[in-house]
2 protein chains.
Amino acid sequence: MIQFLIGADGGGTGTRVRLATADGTELGQGQAGPSGLAHGIGKAWAAIGSAIDAACAAAGIMRPANAAMALGAGLAGVHNKEWAAQFTAANPGFSALRLATDGFTTLMGAHGGAPGCIVALGTGSVGEALLADGTHIEVGGWGFPAGDEASGAWLGLRAINHVEQVLDGRVPSSDFASAVIDTLGGSRDAIQVWLGGATQTAYASLAPVVIRHAQTDATARSFLVEAGHQVALMANALDKTGRLPLA
Amino acid sequence: MIQFLIGADGGGTGTRVRLATADGTELGQGQAGPSGLAHGIGKAWAAIGSAIDAACAAAGIMRPANAAMALGAGLAGVHNKEWAAQFTAANPGFSALRLATDGFTTLMGAHGGAPGCIVALGTGSVGEALLADGTHIEVGGWGFPAGDEASGAWLGLRAINHVEQVLDGRVPSSDFASAVIDTLGGSRDAIQVWLGGATQTAYASLAPVVIRHAQTDATARSFLVEAGHQVALMANALDKTGRLPLA
C-alpha cells in the first residue's frame, strides 16, 4: 500500500527529492549526488536512495520500505529510451514508478501544470513547452558533448578549449585563461590528466569561472553571448508565437 | 636478445605496425583496431598484439616471443602522463619499449628526422615541429571533446549538433542534415541511443559525410572552413617564421 510519495529531480550534478504523505503533505527534503542516467543506471538508483534517506532523516522518520512508496522521477538522460528502460527494469521495489525527463518536471513545476515554456540551464540544458492545446514540445536536451547548448558543461568545454589554445601559443593569454588553468591544477600535465577523466559534470564545474570573467574578458563574454543566442534559438523553436509564459 | 623491431602507429581508429629484422630490413606490415590510450590500456596492448600477429602472418613467419622484439610505439593519448605510465607498466615482455605520441612519430616519418612541421588530421589532430636547433614543439593534441580541432571527431561533433538543431526545428533542414540522420539510424530515438554510446571514433565516422556535402551545403562547408582556420592557427603557432617545411 502506498503510504508515501517521493518526487525526485536528478541531473548531472545532483539529486533533490521531496517526501510527502499519500495525501500530498510534505514531510521533508533531501539531496545526493548526480542521478542523470548518463552516469550509469546503478548510480542513478543509488543517488535517489541516498536522497530519500536524507529526506527521511530531515523528516525525523525511519525510512519506509520501498513497497510503501511511490516514486515520480524527472531525470536527465531519459531521452535515451534504452537507458529509460534499463532504469525502469532496475526498480528496487517502489510500488509505483513514473519516469520523465528533468525538463518535463521543471516545466510542470514552473507553470503549475498550465501552458508555458521553460529553458532549463544546469549541467545540461533543455527547453520544454506545454501548448494551450495540450501539445508537449521539447527542444535540446540531447546531452553532452554534442548538444546541451548554453549549459554549464557547454561553457566548460569552451573554457578549456580556450586554455588549450592559450597554452599552445595559438591565441593570446588573459586573466580568464589563467583562472581556468589554476582551477585545473596549474600545469599542462595536470590539465591533460584532468581531461583524461573529465565528465560532463567536471566540465560544468568550470562554468562559474566563465561567468565570473564575463564582465572583464572578451573571450569569456563571447561564450555567454553565444549561450544567449542558443537559448533564443531554443525559445523560438518552442513557441513560434512568442505568447506563452517563459520561465 | 632483440631479433626483431616493431614500429607501431596507433590512434582512435586503427593501429598499423611494421615488422623488421634487427638490422632494419622490413619483413611485413599488419593492422588492427584502435590503440589510442583513451580507449583503455588493455585495449591498446591487445590491438598492438593483433597488428603484430597480422604482420608476422604477412611476413610468413611464426610470431616471435615478446622478449625477442623491441617495440617503438607512437600512440594517441601519450600526452596524458598517467596513461603513458600505465601503458609502460603493462609491457607484456618486449625487450625494449620506446613510447611517443603518434604526432611525434608522424613528424619523424614525414621529414626523415630533419627539421620540419606536420599537422596530422585523423580521428584526432595534432601539430608538431622539429626546429633547426633541435627544439620539439607540440600544438593541439589535447584530445576529444575539448580539443583536436579540425579532426574527424571534431567535424562529427559539429555535424550531429547541426542535426539536433534541425530535428528540433531550431534551424532549417538540408540534404546534408538528412544524410547525417540516415547514417545515424534515421530517427530521433535511434540518434539518442547512438549518442548514449558514442565515442570519439564514432563521431569521427561522420566526417566523410561532412566532406561529401561541403560542395553543396553551406553548413557543411562552414565546418570545413573553420577547420582550415584552426589548422592555420596550429601551423602558425608551430613555426612563426613560416620557413620550415610543412607536411
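Residues numbered from 1 in each chain as written. Chains lettered and ligands numbered in written order. Predicted model: local features only at pLDDT ≥ 70, side-chain atom pairs only at ≥ 80, totals over all residues. Heavy atoms only, no water.

Caption draft 1: View of the overall build of chain A. Of regular secondary structure, chain A possesses nine helices and eight strands. Viewed in the frame of its principal axes, chain A has a C-alpha envelope of about 65 × 45 × 30 Å. Here chain A holds 247 residues, and 47% of them are scored as buried. For chain A, contacts bridging at least 24 residues in sequence account for 56% of all contacts bridging at least 6. When the accessible surface of chain A is totalled, it reaches about 10,600 Å², and 56% of it is carbon and sulfur. Distance between charge centres in chain A, computed from 13 positive and 19 negative side chains, equals 1 Å. (Helix = DSSP H or I, 4+ residues; strand = E, 2+ residues; numbered from the N terminus. Buried < 20%, exposed > 50% of the residue type's maximum accessible area, 1.4 Å probe, protein only. Contact = heavy atoms within 4.5 Å. Areas by Shrake-Rupley, 256 points an atom, 1.4 Å probe, with all protein chains shown as cover. Lys, Arg positive; Asp, Glu negative; His and termini not counted. Charge placed at Lys NZ, Arg CZ, Asp CG, Glu CD.)

Caption draft 2: Molecular detail of the relation of the copies chain B and chain A. For the pair chain B and chain A, the best superposition has an RMSD of 0.0 Å and corresponds to a rotation of 180° with a translation of 0.0 Å parallel to the axis. Those values place the two copies in the arrangement expected of a two-fold rotation axis. When C-alpha positions in chain B are compared against the rotation axis, the closest is assigned to P145 of chain B, at 3.5 Å. Here 100% of the contact residues of chain B are again contact residues in chain A; the copies associate through an equivalent surface. (Least-squares fit on C-alpha atoms with pLDDT ≥ 70 in both.)

Caption draft 3: Layout of the interface of chain B and chain A. At the junction of the two partners, chain B supplies 36 residues and chain A supplies 36 residues. Summing both partners gives a buried area of about 3,100 Å² for chain B against chain A, and 56% of it is carried by carbon and sulfur. On the chain B side of the interface with chain A, the three residues burying the most area are W142, A146 and R170 of chain B, jointly 27% of the side's total. Across the pair D189 of chain A and K81 of chain B runs a salt bridge, and its minimum N-O distance is 3.6 Å. One can count 16 residue pairs in polar contact (both at pLDDT 80 or more) joining chain B with chain A. Counting residues per element, the ones that place at least two in the side of chain B that touches chain A are α2 (81-89), β8 (136-140), α4 (152-167), α6 (188-196) and α9 (218-238) of chain B. (Buried area = accessible area lost by both parts, 1.4 Å probe. Salt bridge = Lys/Arg side-chain N within 4 Å of Asp/Glu carboxyl O. Polar contact = N/O pair within 3.5 Å; in protein donor to acceptor, adjacent residues only side chain to side chain.)

Caption draft 4: Main features of the UniProt feature "domain: ATPase BadF/BadG/BcrA/BcrD type" (unreviewed entry) in chain A. In the numbering used here, UniProt assigns the feature "domain: ATPase BadF/BadG/BcrA/BcrD type" (unreviewed entry) to residues 6-240 of chain A. Each end of residues 6-240 of chain A is marked by a C-alpha atom, and these two atoms are 35 Å apart; helix forms 45% of the span and strand 21%. (UniProt positions renumbered as here; feature names shortened; annotations may be inferred.)

Caption draft 5: Spotlight on the packing of aromatic side chains. All names here are of chain A. Using the criterion set out here, one finds 10 aromatic pairs over all chains in the structure. Judged by centre distance (5.5 Å) and plane angle (85°), the ring pair of W194 and Y203 falls under edge-to-face. Each residue in the set W45, F87 and F94 is aromatic and connected to the rest through ring pairs, giving one cluster. The cationic tip of R158 hangs over the ring face of W154; the distance from NZ or CZ to the ring centre is 3.9 Å. (Phe/Tyr/Trp six-rings, centres within 6.5 Å; stacked < 30°, edge-to-face > 60°. Lys NZ or Arg CZ within 6 Å of the ring centre and 35° of its normal.)

Caption draft 6: Inspection of the pattern of salt bridges at higher detail. For the structure shown, the criterion picks out 14 salt bridges over all chains. With a closest N to O distance of 3.2 Å, R18 of chain A and E26 of chain A form a salt bridge. The partner of D53 of chain A in a salt bridge is R63 of chain A, with the nearest N and O atoms 2.9 Å apart. With D53 of chain A in helix α1 (residues 41-59) and R63 of chain A in the loop between α1 and β4 (69-75), this residue pair connects regions lying 10 residues apart in the sequence. A cluster of three or more residues bridged by salt bridges with shared partners is formed by E149 of chain A together with D168, R170 and R188 of chain B.

Caption draft 7: View of the environment of L130 of chain B. All names here are of chain B. The residue L130 is located in strand β7 (residues 125-130) in this model. Considered as a pair, L130 and H111 are 19 residues apart in the sequence and their alpha carbons are 9.3 Å apart. Those residues within four positions of L130 in sequence are excluded, and the remaining contacts are L107, M108, G113, A114, P115, G116, T135 and L244.

Caption draft 8: Quick peek at the domain arrangement of chain A. All names here are of chain A. By the assigned domains, chain A splits into domain 1 (4-111) and domain 2 (114-247). Inter-centroid distance (C-alpha atoms) of domain 1 to domain 2 is 26 Å. The partner domain 2 presents 18 residues to the 12 residues of domain 1 that form the contact. By the criterion of area lost to domain 2, the three top residues of domain 1 are H79, L107 and H111, representing 49% of everything that side buries. Applying the counting rule to domain 1 against domain 2 returns zero salt bridges. Applying the counting rule to domain 1 against domain 2 returns nine residue pairs in polar contact (both at pLDDT 80 or more). Per element, the largest residue contribution to the side of domain 1 that touches domain 2 is seven residues, and it comes from helix α3 (residues 102-111). Across the side of domain 1 that touches domain 2, the residue classes break down as four nonpolar, eight polar and no charged. (Domains from an automatic or database assignment. Nonpolar A, V, L, I, M, F, W, Y, C, P; charged D, E, K, R; others polar.)

Caption draft 9: Summary view of the pairing of strand β8 (residues 136-140) of chain A. Residues and elements named next belong to chain A. Pairing between strand β7 (residues 125-130) and β8: five bridges, direction antiparallel. Counted as the bridge partner of L130 is H136 from β8. Count of turn residues in the β7/β8 antiparallel hairpin: five residues, of which G134 carries a positive phi of about 90°. (Pairing = 2+ DSSP bridges.)

Caption draft 10: Fine view of the sheet that holds β8 of chain B. Residues and elements named next belong to chain B. Pairing in this open sheet of three strands is antiparallel, and the strands run β6-β7-β8 from one edge to the other. In the strand order of this sheet, the two ends are held by β6 (116-121) and β8, each with one partner. Between one strand and the next, the sheet's axes are offset by a mean angle of 15°, whatever the strand orientation. Where β6 meets β7, six bridges bridge the pair, whose relative direction is antiparallel. Residue pairing across strands places A120 opposite V126, the latter belonging to β7. (Axes fitted to C-alpha atoms, helices over the stretch in contact; angles between N-to-C directions.)

Caption draft 11: Region of interest: unusual backbone geometry. Residue and element names in this part refer to chain A. With an omega of 0°, the peptide bond running from F144 to P145 counts as cis. Turning to its location among the elements, P145 is positioned in the loop between β8 and α4 (152-167). A positive phi angle, near 70°, is found at A150, a position not held by glycine.

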